[in-house]
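One letter stands for each residue in the lines below.
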Amino acid sequence: MTATSISPAADLTPARKLVNSPGVLIIAHRGNSSIAPENTLPAFAKALAVKADLVELDYHHSADGVPVVIHDDNLDRTTNAQALLGKNKVLIADLPSAELARLDAGEWFSDEFKGTKLPTLVESLAAIQPGSTTLIERKAGDAATLVKLLAREKLTDQVVVQAFDWEFVKECRSLAPTLTLGALCSKAANEEQIQAAAETGADVIVWNHEKLRRDQIDLVHKLGKKAWVYTIDDPQRAADFMAAGIDAVITNKPATMIRVRGAIKRPAE
Ligand code: G3P
Ligand code: CA
């Protein structure tokens, strides 16, 4: 087994310094999504308010190629598209960004958030980066568009990008050698899978917490990678992973997990 090498210059980027810092990072999943509508500016503001180390979001491309922040590939669950458009299951990829901007992405969560819009990726980065670090999950869209967008915003070295699609991760690595990358996996973890995830060139292996045994964290570390888990809201479950050496917990409840982290004892790091 060999660790995938990373260029020494890349170690100096702010994002890589954060990822390599000792202790457990707490990552707000889709923003502080237990108290505000997921993947919206209010959810990001509430994640910053509790000092989440990173703020995760998801994006898809609109019909005119604009990265728009939303989890699902269709608009039904988290917007008023059905009522406004009179159609079900309209895809983000089928509407231009100007049409997507008309939708309400907060009212489904509670009246307090009525009027909240679907943010673009650029708007989201502008909201998150001054107070935290964005963990960008690509759901759909090509690597070149994202890499160019990050370069234009001067954020290539300030964010982390992750995807379940490992070909996308590899392409990002080839297009942007200093970009900090995560390879996501939802399958049952085994040595072969973990090795393959490492070979994408990702800095971080990000696994479903129900599919990664705690003793497999050491294998990820031996490959020279960080081990993160998603999505844990149960304090005891998170405490167990933290005690076992996990490097980050992705959670809908960042304030709770920051308290859990404060109570955990780990061997000196
Ligand atoms: O950050 C990892 C996690 O968000 C992946 O699952 O479905 O919530 O995007 P999902
Ligand atoms: Ca996600």
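Look above for the structure.
Right, let's walk through the structure included here. These numbers were taken from a predicted model, which means no experiment stands behind them. (Residues numbered from 1 in each chain as written. Chains lettered and ligands numbered in written order. Predicted model: local features only at pLDDT ≥ 70, side-chain atom pairs only at ≥ 80, totals over all residues. Heavy atoms only, no water.)

## A short note on the coordination of the calcium ion (ligand 2)
Around the calcium ion (ligand 2), the protein supplies Glu56 (OE), Asp58 (OD) and Glu137 (OE) as donor atoms, at distances of 2.1 to 2.2 Å. Mapping the donors of the calcium ion (ligand 2) onto the primary sequence gives the spacing E-x1-D-x78-E. Pair noted here: Glu56 is in strand β2 (residues 54-61) and Glu137 is in strand β4 (residues 133-138), with a separation of 81 residues, a long-range link. According to the relative accessible area criterion, Glu56 is buried, its value standing at 2%. (Donors = N, O, S within 2.8 Å, 3.2 Å for Na, K, Ca; no water. Helix = DSSP H or I, 4+ residues; strand = E, 2+ residues; numbered from the N terminus. Buried < 20%, exposed > 50% of the residue type's maximum accessible area, 1.4 Å probe, protein only.)

## Looking at the site of ligand 1
The immediate surroundings of ligand 1 are formed by His29, Arg30, Glu56, Asp58, His71, Glu137, Lys139, Gln162, Phe164, Leu184, Tyr230 and Ile250. Side-chain polar atom of Asp58 to an oxygen atom of ligand 1: 3.3 Å apart, as the coordinates give it. Its free accessible area being 290 Å², ligand 1 has 89% of it covered by the protein chains. Looking at the shell around ligand 1 residue by residue, the classes come out as four nonpolar, three polar and five charged. (Near = heavy atom within 4 Å. Polar contact = N/O pair within 3.5 Å; in protein donor to acceptor, adjacent residues only side chain to side chain. Areas by Shrake-Rupley, 256 points an atom, 1.4 Å probe, with all protein chains shown as cover. Nonpolar A, V, L, I, M, F, W, Y, C, P; charged D, E, K, R; others polar.)

## Some details on the pattern of salt bridges
Applying the stated rule across the entire model yields 14 salt bridges. Between Glu107 and Lys114 there is a salt bridge, and its shortest N-O distance comes to 3.8 Å. Since its relative accessible area comes to 33%, Glu107 is described here as partly exposed. The class for Lys114 is exposed, based on a relative accessible area of 55%. Close ionic contact of Lys170 with Glu167 constitutes a salt bridge, the shortest N to O distance being 3.2 Å. With Lys170 and Glu167 both in helix α7 (residues 166-175), this residue pair falls three residues apart, about one helical turn. (Salt bridge = Lys/Arg side-chain N within 4 Å of Asp/Glu carboxyl O.)

## Focus on empty space enclosed by the protein
Under the definition given, this model contains one cavity of 30 Å³ or more. As for the largest cavity, its lining consists of Glu38, Asn39, Thr40, Val69, Ile70, His71, Thr78, Ala105, Trp108 and Leu118. For the lining of the largest cavity, the per-class residue count stands at five nonpolar, four polar and one charged. (1 Å grid on protein atoms, 1.4 Å probe; cavity = no way out; pocket = protein on both sides within 12 Å on 5 of 7 lines; lining within 4 Å. Points joined across faces, edges and corners; volume = space filled by probe spheres on them.)

## Here's the deal with the packing of helix α5 (residues 121-128) against helix α6 (residues 143-152)
Two elements in contact, α5 and α6, have axes separated by 11 Å at closest approach and are oriented at 40°. Considered as vectors, α5 and α6 are oriented oblique to each other. Seen along the crossing, α5 lies across α6 with a hand that is right-handed. The residues of α6 that touch α5, namely those facing Leu121, Val122 and Leu125, are Leu146, Leu149 and Leu150. For the contact of α5 with α6, a count of residues per class yields six nonpolar, no polar and no charged. (Axes fitted to C-alpha atoms, helices over the stretch in contact; angles between N-to-C directions. Parallel < 35°, antiparallel > 145°, perpendicular 65-115°, else oblique. Left-handed = near helix turned anticlockwise from the far one by under 90°. Contact = heavy atoms within 4.5 Å.)

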